[in-house]
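Each chain, written out:
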Amino acid sequence: MEFSSLYVKEGRAINKAKGSLLVAESIPGVRFNEIVDVQLASGEVKSGQAIDISKEAIVVQVFGGVSEVDLIGSRIRYKGETLRLPVSMDILGRVFNGMGDPIEGGPRVIPEEYLDINGEPINPAMRQPPAEFIETGISAIDGLNALVRGQKLPIFSASGLPHNRIVAQLIRQATVKGREEAFALVFGAIGVSYDDASFFMRNLERTGALERTVAFINTASDAVIERISTPRLALTAAEYLAWRHNMHVLVILTDMTNYCEALRELSSMREEIPSRRGYPGYMYTDLATMYERAGMISGREGSVTIMPILTMPDDDITHPIPDLTGYITEGQIVLSRNLERKGVYPPIDVFLSLSRMMKEGIGPGKTREDHNNVFMQSYAAYAEGSYLREISTIIGAEALSERDNIYLRNADEFETKFIAQGEWEKRTVEETLDIGWRLFSALPQEDLKLIKEDFIKKYLPERQE
Amino acid sequence: MGKIWRVSGPLIIADDMKGSQVYEVVEIGEEGLVGEIVGLEGDRAVIQAHEDTLGLRTGEVVTGTGMILSVELGPGLVGSIYDGLQKSLLTLGEQIGPFIRRGVKATPLPRDKKWQFTPRVKEGDAVGQGDIIGVVPETELIEHRIMVPPGIRGTVKEIRKGDHTVEEPIAWVAQNGDVKELTLLQRWPVRKPRPYKERFDPAGLLTTGMRILDYMFPLALGGRASIPGGFGTGKTVALQQLARWAQTHLNIYVGCGERGNEMADVLSSFRELKDPNTGRLLQEKEIFLANTSNMPVVAREASIFVGVTMAEYFRDMGYDVLLVADSTSRWAEAMREMSGRLEEMPGEEGFPAYMGSRLSSFYERAGMVECLGNPGRQGSVTVAGAVSPPGADFSEPVTQNTLRIVDALYALEVTLANKRHFPAISWLTSYSLYVDAVKDWWNERDPGWEDTRAGALKVLQQEAELEEIVRLVGPEALPEDDKLLLLVARMIREDFLQQSAYHEVDTYCMPAKAGLMLKTIMKFYDLAREMLDAGAGIETIRSSPMVYRISRMKDIPNEEFEQRAKELWSEMEENLTTGKRGS
Ligand SMILES: Nc1ncnc2c1ncn2[C@@H]1O[C@H](COP(=O)(O)OP(=O)(O)OP(=O)(O)O)[C@@H](O)[C@H]1O
Ligand SMILES: [Mg+2]
């Protein structure tokens, strides 16, 4: 991170220190939320933020581990600026840390401009409704939870599940049909292990995507406070590429659970009244101000698509982190430990997964006319089969009718043929839909009531034995 | 003029504010951010800022406007898109491009546009509050009725037919030697309910085109409903469907702390979709308010009250208005945040103790009324609010407080949504206390309504009871009549209750069609029971082609349905009795 202005003011008289909070005597001209430098008695300099200003006192939150003893007698330099990221097209191909400084040894970016890392909200009346289908080549996504440009679609994972491999596959394969446009990837790693970060970087390198990528990396050993700025830096870079340079930008943020933990830590340092399980009451708004930066704008070329990855603590989807995320994003791809155990890759739980922008992105001229019907009928059949599977574990499959047994088998096949695919297998959306039809052909035809009769005539293959 | 003394997020304290009043609107700092005084201590004012306070400094000026937070009312509202403070978002877009910047002003009603005003009273007529003095054809669907504002009573001295802007005088009323000028534009403070002559109980069906509402859990004109549900269960789609198809005169859609893309979707669909009754574009009967989750938190509350004040204004013209708010939980969270900043005593889960009364001060503004003024007329405001309970747990404070206020509950269930049973409204836990209020409405059109409805709900209830047994012994071990019951329950769920918002025909189902659809299924049940009694096996019934035919009823257009249902019935009589004979 750089600051475009010189230090403007300096204050010293510090009355109190509590945790990482400093109470300093008020000096005029300090801005709410501005960034400050705190010079500790030892001479070491930490950064901080003026989180409450009044004519009586200024409360500064100091970033990075400090003790109260360090803070006594420290000096504060006010810079009159909020956090900004220097940008130009030279950021492409570069790797930065959570403060926006290059970490791969390259030169500093010569900035074209400095952008506030909080961005500005898009006027909802000026948004273009997202409707361009992104073909990921993954059936469980394309067929049942289609992703479109400008959408925010997270992956809800859990420890030990292959979310990184799925995202890497998605990055390798994703295309928008019939289009060769300026495309860029922004990667934000938040509190992840060194291995996870380098897995992505290696992958990008291997597919030659690195020069179209901007990466912001905050590893588990980096300062916790930088976890707050890392995703914002990534989104600021993405907006710059999308709105200034008409690029289609995909933002991958991993692992947002670490972000939320950092937010909780900060909030408890500020002694705020916590909401559910200690997370701050404003976490919804905080996450929303980031995820809402996805979208398309009418009359403009570019787009920002966001795919955050988070791990659900205790595999619990009702935990505040996935829960609040689900309330903000336009659906979610949920990974299942159950399917993983059965050896299904990608282990996508299609019941819990959802893409809310799907219907705008699919259909004639976009994917295929029967897409929506195949999608609905597949869910209905799989739901039926899964329900019967539950019952049959108690009473045994023999006690079910012949019809029920068909559904039981169908649910298994759905998992092994439709959901499961190779990590290097790229299916076109037509191939995906055709697999759906092959599975339908085993069902009683009069049960296909969610499909238009014309489509049944046109697409249903001969019954397979 | 005061000065900023303290800034802490959206909370601002200013001193030298003598002479201000609580709820007065103030302009803060060099950029003139909009704020509202929420407390006064001596000459110090506690202010909530409706715009982002980043970068403000102590000592910056704070100016009182002398006004309390109000809306502009007049021609130009319909079809508009506003933020929570009633700034026109399209005007903002033209002025400053696609991103929102704080401090920029955009008047709610266009100032230069001329409206064609036709008087309904003449010189010498005595007029008083609420009297309609003339009309403006605002859209093809909405005749904007210009009413005498409160506090004015006298004789019309002059009234001008013709084209006028909202600020030009259109009439002069002599009142106790004084002359009052009237314009098309009026203002009303958002937190103050508009007056009416008399209030009635909600009555008559608010037709929504959604079968599970209209037939099973009806909403009455002037009623209050809540739609709670976990994320992705279908709150927004349900509210959008209501705002699209409700057979009211005007609908108001409030997007409160929710998604920008959703707003974009709503806006574009309303520019294309047509009202089923009039064939006109939906945006000719709609007002949109959008304060998305990334817009200032404090303005969420404003968006709700701005919306409901507009609703009352159109009600006062004698219209039936529906307001939907998505999501009231985001507003409650804004209250919690502000209350925390004010260091108030936190109540349950940190929400302020006054949350319940604040919520009810919104829902209470729904109702059916006899409007003030001449000619005599009735109008109504119906309100439906989404609630977003954390973890889909309905025991949380916002859901619980809301349930104390509303009379219809549409409970969305995660398990149904996961199976893609939409609308995911639970038929077991939802309720409507308006069944009596719409009884006459239904009985006039569908004499068997109460029985059919009760019969179907009973089947669903019995299915739920059987479910436990099924899990133990399997469906095939049940007696034949229970197997039939399960089949019929499934038909009710899948062929009647399920209704896709995206199906070109089924998205809007006329009440007449809904009634016939359910009667057809219940008729099937009767005939099938007779067959069982006559010794036919359940397999004969399950494999009857009628099961498939019934499942396709949704595809039949509303207008053709009556005819096609007749055919279906005679086929059914034939088919299911043949089966009986054949067994
Ligand atoms: N009536 C319906 N017909 C068809 N699909 C529906 C219907 N209702 C909901 N859905 C599906 O469910 C998805 C989620 O619905 P919706 O966005 O309304 O959820 P929500 O309850 O508003 O969630 P959130 O609280 O996160 O905003 C939709 O995108 C759509 O795919
Ligand atoms: Mg919603």
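Since we're looking at a predicted model, the values are computed, not measured.

**Examining the packing of helix α3 (residues 235-245) of chain B against helix α4 (residues 260-272) of chain B**
Residues and elements named next belong to chain B.
Okay, step 1: Orientation of α3 relative to α4, taken along the N-to-C sense of each, is 25°, at an axis distance of 12 Å. One way to sum up the angle between α3 and α4 is to call them roughly parallel. For the pair α3 and α4, the sense of crossing is right-handed. Contacts from Thr 236, Gln 240, Ala 243 and Arg 244 of α3 reach α4 at Glu 262, Asp 265, Val 266, Ser 269 and Phe 270.
Okay, step 2: For the contact of α3 with α4, the residue count by class is three nonpolar, three polar and three charged.

**Some remarks on the domain arrangement of chain A**
All names here are of chain A.
Okay, step 1: You can read the domains of chain A as domain 1 (9-82), domain 2 (85-361) and domain 3 (371-459).
Okay, step 2: Measuring from the centre of the C-alpha atoms in domain 2 to the corresponding centre in domain 3 gives 32 Å.
Okay, step 3: Contacts between domain 2 and domain 3 engage 27 residues on the former and 24 residues on the latter.
Okay, step 4: Interface area lost by domain 2 to domain 3 is led by Ser 139, Leu 144 and Phe 351, which between them contribute 26%.
Okay, step 5: On inspection of domain 2 and its partner domain 3, the count reaches two salt bridges.
Okay, step 6: With a closest N to O distance of 3.0 Å, Arg 165 and Glu 423 form a salt bridge.
Okay, step 7: Linking domain 2 with domain 3 are 17 residue pairs in polar contact (both at pLDDT 80 or more).
Okay, step 8: Contributing elements (two or more residues each) for the side of domain 2 that touches domain 3: α2 (139-142) and α3 (163-173).
Okay, step 9: If one sorts the elements of the side of domain 2 that touches domain 3 by residue count, α3 sits on top with four residues.
Okay, step 10: Of the residues that constitute the side of domain 2 that touches domain 3, the class distribution is 12 nonpolar, eight polar and seven charged.

**Observations regarding the environment of Asn 123 of chain A**
Okay, step 1: Along the polypeptide, Asn 123 of chain A turns up in the loop between β10 (113-116) and β11 (133-134).
Okay, step 2: Separated by 174 residues in the primary sequence, Asn 123 of chain A and Ile 297 of chain A place their C-alpha atoms 9.0 Å from one another.
Okay, step 3: Sequence-distant contacts of Asn 123 of chain A, that is, excluding residues within four places in its chain, are made with Leu 89, Leu 92, Gly 93, Pro 98, Phe 99 and Ile 100 of chain B.
Okay, step 4: A polar side-chain atom of Asn 123 of chain A sits 2.9 Å from the main-chain amide nitrogen of Ala 125 of chain A.

**Description of a nonpolar patch on the surface**
Okay, step 1: Residues Val 22, Tyr 23, Leu 40 and Ile 68 of chain B make up a contiguous nonpolar surface patch of roughly 280 Å² in combined accessible area.
Okay, step 2: A residue is classified by how much of its surface remains accessible, and Ile 68 of chain B, at 32% relative accessible area, is partly exposed.

**Here we look at the environment of Asn 291 of chain B**
All names here are of chain B.
Okay, step 1: Turning to its location among the elements, Asn 291 is positioned in strand β21 (residues 286-291).
Okay, step 2: Among the residues examined, Asn 291 registers a relative accessible area of 2% and is labelled buried.
Okay, step 3: Considering only alpha carbons, one finds Asn 291 and Leu 485, 194 residues apart in sequence, at a separation of 47 Å.
Okay, step 4: When neighbours within four sequence positions are excluded, Asn 291 is seen to be in contact with Gly 84, Gly 255, Cys 256, Gly 257, Glu 258, Pro 296, Ala 299, Arg 300 and Ser 303.
Okay, step 5: Polar side-chain contacts of Asn 291 include one of 3.2 Å to the backbone oxygen of Pro 296.

**Quick look at the sheet that holds strand β17 (residues 303-311) of chain A**
Residue and element names in this part refer to chain A.
Okay, step 1: In spatial order, the strands read β9-β15-β14-β16-β17-β13-β18-β19; together these eight strands make up an open sheet with mixed pairing. Bordering the open sheet on either side are β9 (95-97) and β19 (354-355), each of which pairs with just one other strand.
Okay, step 2: For strand β14 (residues 183-192) and strand β16 (residues 248-254), the ladder comprises seven bridges, and the chain directions are parallel. Paired with Phe 187 across the bridge in β16 is Ile 252.
Okay, step 3: Sitting on the sheet, helix α5 (residues 226-245) touches β9, β14, β15 (213-219), β16 and β17, and the angle it makes with β14 is about 175°.

**Concerning the pattern of salt bridges**
It is possible for side chains of opposite charge to pair when their charged atoms get near one another.
Residue and element names in this part refer to chain A.
Okay, step 1: The tally for this structure, following the rule as stated, stands at 82 salt bridges over all chains.
Okay, step 2: Here Glu 292 and Lys 152 are joined by a salt bridge, their closest N and O atoms 3.3 Å apart. Residue Glu 292 is located in the loop between α7 (283-291) and β17, and its partner Lys 152 is located in the loop between β12 (147-148) and β13 (155-157); the two are separated by 140 residues in the primary sequence.
Okay, step 3: According to the relative accessible area criterion, Glu 292 is buried, its value standing at 1%.
Okay, step 4: On the accessibility criterion, Lys 152 (0% relative accessible area) is buried.

Criteria and thresholds
- Residues numbered from 1 in each chain as written.
- Chains lettered and ligands numbered in written order.
- Predicted model: local features only at pLDDT ≥ 70, side-chain atom pairs only at ≥ 80, totals over all residues.
- Heavy atoms only, no water.
- Axes fitted to C-alpha atoms, helices over the stretch in contact; angles between N-to-C directions.
- Helix = DSSP H or I, 4+ residues; strand = E, 2+ residues; numbered from the N terminus.
- Parallel < 35°, antiparallel > 145°, perpendicular 65-115°, else oblique.
- Left-handed = near helix turned anticlockwise from the far one by under 90°.
- Contact = heavy atoms within 4.5 Å.
- Nonpolar A, V, L, I, M, F, W, Y, C, P; charged D, E, K, R; others polar.
- Domains from an automatic or database assignment.
- Buried area = accessible area lost by both parts, 1.4 Å probe.
- Salt bridge = Lys/Arg side-chain N within 4 Å of Asp/Glu carboxyl O.
- Polar contact = N/O pair within 3.5 Å; in protein donor to acceptor, adjacent residues only side chain to side chain.
- Patch = residues over 30% accessible without salt bridge, like charges linked within 9 Å, V, L, I, M, F, W, Y side chains within 5 Å.
- Areas by Shrake-Rupley, 256 points an atom, 1.4 Å probe, with all protein chains shown as cover.
- Buried < 20%, exposed > 50% of the residue type's maximum accessible area, 1.4 Å probe, protein only.
- Pairing = 2+ DSSP bridges.

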